[in-house]
Amino acid sequence: MIDDDVRTRIREKLEQELDDVGRRLEALRDEARTQEAESGGDNTPLTEAADAAHVVEERENSMQVFGWLIDRSESLNTALRRLDDGTYGICESCGNPIPAKRLMARPEATMCVDCQEEHDRRQGIPSSPPPSPGASPLG
Ligand SMILES: [Zn+2]
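Residues numbered from 1 in each chain as written. Predicted model: local features only at pLDDT ≥ 70, side-chain atom pairs only at ≥ 80, totals over all residues.

Asks: Would you mind showing me how to read the overall build of the protein chain here?
Replies: Counting its secondary structure elements, the protein chain contains five helices and zero strands. Order of helices (α) and strands (β) in the protein chain, N terminus to C terminus: α-α-α-α-α. Out of the 139 residues in the protein chain, the part that is buried amounts to 11%. (Helix = DSSP H or I, 4+ residues; strand = E, 2+ residues; numbered from the N terminus. Buried ≥ 20, exposed ≤ 12 C-beta atoms within 10 Å, placed from the backbone.)

Encoded structure:
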């Protein structure tokens, strides 16, 4: 079980992140609207026309970010709901408690480390990030 102190801190984290995600979604929507409006006219200055390819690339990029933010806000909402109904911190795969340390680092986690790794492996996501250029595995 998670004690009340940890629960309170996790709730704060979740609400803060949800707030942040909401603001970023708003910003992306505004940006998309602005771009739509700007791409309508034929009076685009030369400097901006040269950037057209870059804008398309950027738009694809923000679609990805948009999808990611939607996913994230869903995870955060699920975590908050689970906090309310008392199932928060229980691995939804094996039913074991998720360590508080993991929950503090990833408040939206719904699985323990083992199940998450298993899940990621099945999805083809590497469990650990590639080694950074500075770090040599040989020491
Ligand atoms: Zn598990």
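Asks: Got a minute to help me understand helix α3 (residues 52–85) in this structure?
Replies: Side chains of residues three or four places apart in an α-helix project in the same direction, reflecting 3.6 residues per turn. Taking 1.5 Å as the rise per residue, α3 with 34 residues should run 50 Å; its terminal C-alpha atoms sit 49 Å apart, in good agreement. In the segment just after α3, Gly 86 is the residue with positive phi, at about 85°. (Expected span 1.5 Å × (residues − 1).)

Asks: Is there a simple way to explain the environment of Pro 99 in this structure?
Replies: The residue Pro 99 is located in the loop between α3 and α4 (100–105) in this model. As for Pro 99 and Gly 89, which are separated by 10 residues in sequence, their C-alpha atoms are 7.6 Å apart.

Asks: How should the environment of Arg 102 be read in this particular structure?
Replies: Inspection of the secondary structure assignment puts Arg 102 in helix α4. Assessed through the 15 C-beta atoms surrounding it within 10 Å, Arg 102 is described here as partly exposed. C-alpha of Arg 102 to C-alpha of Gly 89: the two residues are 13 residues apart in sequence and 9.5 Å apart in space. For Arg 102, the contacting residues outside a window of four places in its chain are Ala 109 and Val 113. (Contact = placed C-beta atoms within 7 Å.)

Asks: Sorry, what's going on with the nonpolar core here?
Replies: As a rule of thumb, soluble globular proteins bury nonpolar side chains together. The biggest cluster of nonpolar side chains holds 11 residues, and these are Ile 10, Leu 14, Val 21, Leu 76, Ala 79, Tyr 88, Ile 98, Leu 103, Ala 109, Met 111 and Cys 112. Going through the elements one at a time, α1 (4–39) and α3 are the ones with two or more residues in this core. Here this core gets three residues from one element, more than from any other, and that element is α1. Ile 98 has contacts with Gly 89, Ile 90, Cys 91, Leu 103, Ala 109 and Cys 112, leaving out every residue within four places of it along the chain. (Core = buried A, V, L, I, M, F, W, Y, C linked by C-beta atoms within 7 Å.)

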